[in-house]
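A look at the structure
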Amino acid sequence: MDINKILSEMTLEEKAEMCSGSSFWYTQSVERLGVPAVMMCDGPHGLRKQKGAADHLGINESIETVSYPTGPALAASFDRDVLRKLGEAIGEECQAENVAMLLGPGVNIKRSPLCGRNFEYFSEDPYLTGELAASFVESLQEKGVAACVKHYAGNEQETLRMSSDTIVDERTLHEIYLSPFEATVKKGKARSIMSSYNAINGSFVAECKKMLTDVLREKWGFDGFVVTDWGGVQDRVKGLRAGLDLEMPGGNPDAAVRIVKAVQDGTLEESVLDKAVLNMLTFVKRSITKRQPDTNIDRDANLKLAAELEKECAVLLKNDNAMLPIKKSSKVAYIGEFAKKPRYQGSGSSYINVPNLVGAYDAANNLSITYAQGFRANDSETDATLLDEAIKVAKESDVAVLFVGLPNSYESEGLDRSHIDMPANQNILINAIATVQPNTIVVMHTGSPVTMPWIDKVSAVLCVYLGGANVGTATNALLFGDANPSGKVAESWPIRLEDTSAYLNFPGHEGVVEYREGIYVGYRYYDKKRMDMLFPFGHGLSYTKFSYSDLKVSNSKISDEDEITVTCKVKNVGDVPGKEAVQLYIGNPQDGVQRPVRELRDFAKVSLKPGEEKQVSFTLGKRAFAYYEPKINDWNMETGTYTIDIGASSRDIRLSVAIEVESTTELPIVFTRNTPMAYLQKTAKGRALAEQMTAKRQQAQSDSSASDHLGEGSKEMVEAMVREAPLKFMCSFGGVSIEQLDAMIEMLNS
Ligand code: BGC
């Protein structure tokens, strides 16, 4: 397929039509030139292919397939390999179903636990999100299926998502919200990006040149195509000019007419249209070339894979007195509707049609377990009969396992939560069971954090998140010790909603949402404010213990172009095999530009047999120490002393070493009469001038008996006054004329 030749033979109308879909899920074909239509489908934790009536809300049926663990679960694996395996499996499913592109992964940041779609997203941390998503993108695309990373960007809520305006400062935008997209473009080589519905700082993303061209293509080198979120087009012609290639869904003839008219009346250069068409033809060509029509899917194997992945994802939040794993000889009660019908995915466009959902109770048929429903999942009222029956069953058992969590109606696309509590009937049930049964274990099925008013009363909590169609098999393996939990929460669990950093500004007012907390999202906020959490970012227990030692760095200094290697040893000092997600944070200096206390900059999952020790190695470059500096529109590393902190969680740092950072980047600074003296130190010319001035002052002081207006003060006070005094003070106190000062300022700025 010679796409340049095809382009040259296309009529203006055909080109314009190519920039919209032909239907809900297909691109436009140009049969006379041999260009077929290709299909795209929702995901991303499974394949949602609709053969009949189409919709983007999860309403009409899609083909039967496997649903895998959802975003928060996958992120809790802290394991790039888990995402790789998932990408491969879904890639093959797409090939078997002739699907050219999967609409995912979603890499929006968990700014608030209230976002209804958090169950699809990975984490509050941009680095973790970007790394895991890039791994998924890479492996999916290796199977010849394009990934479409969404929703680019600033779409961290569902309230008014189709029209809202996200107000966010430049540094926060790049540092927190754009960097996951950047990773999927630069590292994952994503072939498509979905623009979000919303505006950022007053411009709708679907027609924003800065977002679609300047940042995406020019800064990051993106060479794929941009598609709107479904129905997310604004001004189609403005969008094309900004870098938007495809409008979806198709079926609106008006779209092409407008483009044709704009070219004809000269308001749109045809070359702009040609670029978009070439992007689309490149995608179609790649899809055809990489097509593997003979791919066969073994659904049973994929269902097994779903359980295997979930075992890597579930997080053991609490385990007092080694309550878990449960001895297989114990008399066990499974209580709660989710033991039979687990909540395993969320509602909306990612909803997968699952023929065989495996609940823990049915999957535990080789164990002797009694069951009581305990509550109705779609209700928040307590059913006294169900409660009494559950209490009776719990009393008669050695151990009670409660299967609880959020009902479907609590978290879904299109709707944010207004609180983070579980339904009252479930909290009442947990309290009641914990009162009569000291060995009470809670299994959580949720896509986002919830409050746990009963946390001190129960012995253990295992969070399986929304764990996919085979969550029951994985849960049993984890509860009874056939698998060892190794997940770590990828988001901070707050004690109360009011503690969260976006609390005062979520979901905004009259369609405007201000990200006023800036870079202080998730643990960046709690750490800075030294607040307690229910569970900190990165927390997760195991049935074994790990010791950390021998932290070494290849160099204790780093400059802009350098890389350093960090190594440490991790040992399994317990009795069972286990995996540990080793987390590397950089502790930032707190005396320069505003920085979080520490930030995750790498991680590795290590598998260890009892007694086994392994060395873990990380490579760090400038970016690990950098923040986004709007003055240079780039990442900048400040000179100072940092620490490399190796932790088992963000609040459980086991090893730490200092590292000196020496930046070679000089930030631009415009001097005025009111610039503080201290700023002279920020440039070479400034430093030279400051030295001259100091020498002059010392000379003057030794020549005469000095007088001042400061009275008696400490050395610190005098230094602070001098540091902060504006340059113009040189005229009042330094014997410099205003003309001389202006000449100095001109020299400094030249
Ligand atoms: C969602 C997207 C989805 C699209 C197509 C939109 O409503 O925001 O995530 O891919 O529909 O179903």
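The structure presented is a predicted model; accordingly, all values stated were derived computationally and were not measured. (Residues numbered from 1 in each chain as written. Predicted model: local features only at pLDDT ≥ 70, side-chain atom pairs only at ≥ 80, totals over all residues. Heavy atoms only, no water.)

On to the site of the ligand, then. In the vicinity of the ligand lie 14 residues, with Asp42, His56, Arg117, His151 and Asp229 positioned nearest. Asp42 places a polar side-chain atom, nitrogen or oxygen, 2.4 Å from an oxygen atom of the ligand. Take His151: an N or O atom from its side chain is 2.7 Å from an oxygen atom of the ligand. When the ligand is considered free in solution it has 310 Å² of accessible area, and contact with the protein chains removes 100% of it. Of the residues assigned to the shell around the ligand, the class counts are 5 nonpolar, 3 polar and 6 charged. (Near = heavy atom within 4 Å. Polar contact = N/O pair within 3.5 Å; in protein donor to acceptor, adjacent residues only side chain to side chain. Areas by Shrake-Rupley, 256 points an atom, 1.4 Å probe, with all protein chains shown as cover. Nonpolar A, V, L, I, M, F, W, Y, C, P; charged D, E, K, R; others polar.)

With that settled, consider unusual backbone geometry. Cis geometry is found at the peptide bond from Gly104 to Pro105, where omega equals 10°. Along the chain, the position of Pro105 falls in the loop between β2 (101-103) and α5 (126-142). Residue His151 is bonded to the preceding Lys150 through a cis peptide linkage, with omega at -10°. Mapped onto the secondary structure, His151 falls in strand β3 (residues 146-152). At Asn98, a residue that is not glycine, the phi angle is positive and equals roughly 55°. On the secondary structure map, Asn98 appears in the loop between α4 (80-96) and β2. For Glu510, which is not glycine, the phi torsion reads 45° and is therefore positive. As for its placement among the helices and strands, Glu510 is situated in the loop between α15 (471-479) and β15 (512-514). (Helix = DSSP H or I, 4+ residues; strand = E, 2+ residues; numbered from the N terminus.)

On to the packing of aromatic side chains, then. Under the criterion given, the structure shown has 20 aromatic pairs. A ring pair is formed by Phe78 and Phe603, whose centres lie 5.7 Å apart and whose planes are at 85°; its orientation type is edge-to-face. With Phe78 in the loop between α3 (71-76) and α4 and Phe603 in strand β20 (residues 598-608), this residue pair connects regions lying 525 residues apart in the sequence. Phe78 gets classed as buried once you look at its relative accessible area, which sits at 1%. Measuring from ring centre to ring centre gives 5.1 Å for Tyr152 and Phe181, while their planes differ by 70°; the resulting arrangement is edge-to-face. Note that Tyr152 is positioned in strand β3 and Phe181 in helix α6 (residues 170-186), a separation of 29 residues in sequence. Like Phe181, Tyr152 is buried. (Phe/Tyr/Trp six-rings, centres within 6.5 Å; stacked < 30°, edge-to-face > 60°. Buried < 20%, exposed > 50% of the residue type's maximum accessible area, 1.4 Å probe, protein only.)

What follows covers the sheet that holds β2. An order of β1-β2-β3-β5-β8 is seen for the 5 strands of this open sheet, with the pairing classed as parallel. Two strands lie at the open edges of the sheet, namely β1 (40-42) and β8 (225-228), each paired on one side alone. Strand after strand, the sheet turns through a mean of 30° between neighbouring axes, direction not considered. Alignment of β3 against strand β5 (residues 192-195), held across 3 bridges, turns out to be parallel. Among the inter-strand pairings, Tyr152 is bridged to a residue of β5, identified as Ser195. The strands touched by α6 within the sheet are β3 and β5, with β3 carrying the most contacts at an inclination of about 165°. (Pairing = 2+ DSSP bridges. Axes fitted to C-alpha atoms, helices over the stretch in contact; angles between N-to-C directions. Contact = heavy atoms within 4.5 Å.)

Taken in spatial order, the 3 strands of this open sheet run β16-β18-β21, and their pairing is antiparallel. Looking at strand neighbours, the two that pair on one side only are β16 (546-553) and β21 (613-620), the edges of this open sheet. Adjacent strand axes in the sheet meet at a mean angle of 20°, parallel and antiparallel pairs treated alike. Pairing geometry for strand β18 (residues 564-572) and β21, over 8 bridges, is antiparallel. When the sheet's bridge partners are listed, Val566 is paired in β21 with Phe618.

One finds Tyr152, Tyr334 and Leu479 to be the most contacted residues of the largest nonpolar core, which totals 187 residues. With 7 residues, the single largest contributor to this core is helix α10 (residues 270-289). The residues contacting Tyr334, other than those within four sequence positions of it, are Ala339, Ala360, Tyr361, Ile369, Thr370, Tyr371, Ala372, Val401, Phe403, Asn476, Leu479 and Phe480. Within the second largest apolar cluster, 27 residues are counted, among which are Val570, Ile586, Leu608 and Leu620. (Core = buried A, V, L, I, M, F, W, Y, C linked by side-chain atoms within 4.5 Å.)

Time to look at the domain arrangement of the chain. Looking at the chain, the domain boundaries give domain 1 (302-529), domain 2 (546-662) and domain 3 (677-749). For domain 2 and domain 3, the distance between their C-alpha centroids amounts to 41 Å. (Domains from an automatic or database assignment.)

The subject of this paragraph is the packing of α4 against helix α11 (residues 299-313). Two elements in contact, α4 and α11, have axes separated by 10 Å at closest approach and are oriented at 160°. Our classification of the angle between α4 and α11 gives roughly antiparallel. The handedness of the crossing between α4 and α11 is left-handed. Between α4, through Val82, Lys85, Leu86, Ala89 and Glu93, and α11, the contact on the second element is made entirely by Asn302, Leu305, Leu309, Glu312 and Cys313. Here the contact of α4 with α11 is composed, by residue class, of 6 nonpolar, 1 polar and 3 charged. (Parallel < 35°, antiparallel > 145°, perpendicular 65-115°, else oblique. Left-handed = near helix turned anticlockwise from the far one by under 90°.)

All right, on to empty space enclosed by the protein then. Scanning the entire structure with this criterion turns up 4 cavities of 30 Å³ or more. The volume enclosed by the largest cavity comes to roughly 120 Å³. Residues belonging to the lining of the largest cavity are distributed by class as follows: 5 nonpolar, 6 polar and 4 charged. What the second largest cavity holds in volume is close to 90 Å³. Taken together, 14 residues line the second largest cavity, and the ones lying closest to its centre are Asp42, His56, Asp229, Ser349 and Glu413. Residue classes in the lining of the second largest cavity are distributed as 5 nonpolar, 3 polar and 6 charged. (1 Å grid on protein atoms, 1.4 Å probe; cavity = no way out; pocket = protein on both sides within 12 Å on 5 of 7 lines; lining within 4 Å. Points joined across faces, edges and corners; volume = space filled by probe spheres on them.)

By the definition in use, this model includes 0 disulfides. For the unlinked cysteine Cys463, the closest cysteine sulfur is that of Cys313, found at 11 Å. The class for Cys463 is buried, based on a relative accessible area of 0%. (Disulfide = S-S within 2.5 Å.)

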